[in-house]
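The chain contents come next:
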Amino acid sequence: MAKARIAQDFYPTPYWCIDALLAHLKPKEGDIFSEPAMGDGRIFDRFPVGHEKKWAELSNHRDYLNPIDLDLTADVIITNPPFSHALEFIRTAIDRDINRTAPCVCCFACPC
């Protein structure tokens, strides 16, 4: 039997998963990190200290897909987007927000 969907597709990323992912990153001085679906902040709060951090979260009136006066360009984008909008988040990150002037990283936690 399928489980009922959670409101707003809020499925927090387990801390062990975040820590395992971040352990593989080699951030450079000046890298800007972004979390487009911040939720409860568990990914955002684990970004390396000393780096500029950007975020969006619809429930906090910062809509990633339709930002108003928000510059969300970043060198590293990591998020667990609402599954119902995952492809839109991926396209937006790649087409609009990833910094193409330097090597970059995009990571998404998505359903398989």
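It should be emphasised that the depicted structure is a prediction, and the values quoted were computed from it without experimental measurement.

Draft legend 1. A look at the overall build of the protein. Looking only at helices and strands, one finds 2 helices and 4 strands in the protein. Element order for the protein, N to C, with α for helix and β for strand: α-β-β-β-α-β. Each of the 112 residues in the protein was classed as buried or not, and the buried ones make up 37%. Considering only contacts within the protein whose residues lie at least 6 apart along the sequence, 59% involve residues at least 24 apart. Per element, the accessible surface of the protein, about 7,200 Å² overall, is 58% carbon and sulfur.

Draft legend 2. Seen up close, the confidence of the model for the protein. In this model, the protein carries an average pLDDT of 85, and 83% of its residues clear a pLDDT of 70 or more. Considering each helix and strand of the protein separately, the mean pLDDT is smallest for strand S4 (residues 105-108), with a value of 64, and largest for strand S2 (residues 52-55), with 97.

Draft legend 3. Fine view of the pattern of salt bridges. What the rule picks out here adds up to 5 salt bridges. Between Arg 46 and Asp 19 there is a salt bridge, with its nearest N and O atoms 2.6 Å apart. With a gap of 27 residues between them, Arg 46 in the loop between strand S1 (32-35) and S2 and Asp 19 in helix H1 (residues 15-23) connect regions that are remote in the sequence. Exposure remark for Asp 19: the relative accessible area of 37% places this residue in the partly exposed category. As a salt-bridge pair, Arg 42 and Asp 40 come within 3.0 Å of each other at their nearest N and O atoms. The exposure class assigned to Asp 40 is partly exposed, which follows from its relative accessible area of 40%.

Draft legend 4. Main features of the nonpolar core. Membership of the largest hydrophobic core is limited to 11 residues, which are Ile 18, Leu 22, Leu 25, Phe 33, Met 38, Ile 43, Phe 44, Phe 47, Trp 55, Val 76 and Ile 78. Those elements that provide at least two residues to this core are H1 and strand S3 (76-79). Counting residues in hydrophobic clusters, the runner-up holds 10 residues, among them Ala 37, Leu 72, Ile 77 and Phe 89.

Draft legend 5. Representation of the packing of aromatic side chains within the structure. This model, assessed by the stated rule, comprises 3 aromatic pairs. Ring geometry for Phe 33 versus Phe 47: centroids 5.0 Å apart, planes at 45°, classification tilted. Of this pair, Phe 33 sits in strand S1 while Phe 47 sits in the loop between S1 and S2, placing them 14 residues apart in sequence. Linked through ring pairs, Phe 33, Phe 44 and Phe 47 together constitute an aromatic cluster. One residue, Lys 53, lies across the ring of Phe 44, its end atom 4.4 Å from the ring centre. Its guanidinium or amino end placed over the ring of Trp 55, Arg 62 lies 4.0 Å from that ring's centre, counting from NZ or CZ.

Procedures and definitions
Residues numbered from 1 in each chain as written. Predicted model: local features only at pLDDT ≥ 70, side-chain atom pairs only at ≥ 80, totals over all residues. Heavy atoms only, no water. Helix = DSSP H or I, 4+ residues; strand = E, 2+ residues; numbered from the N terminus. Buried < 20%, exposed > 50% of the residue type's maximum accessible area, 1.4 Å probe, protein only. Contact = heavy atoms within 4.5 Å. Areas by Shrake-Rupley, 256 points an atom, 1.4 Å probe, with all protein chains shown as cover. pLDDT = per-residue confidence, 0-100. Salt bridge = Lys/Arg side-chain N within 4 Å of Asp/Glu carboxyl O. Core = buried A, V, L, I, M, F, W, Y, C linked by side-chain atoms within 4.5 Å. Phe/Tyr/Trp six-rings, centres within 6.5 Å; stacked < 30°, edge-to-face > 60°. Lys NZ or Arg CZ within 6 Å of the ring centre and 35° of its normal.

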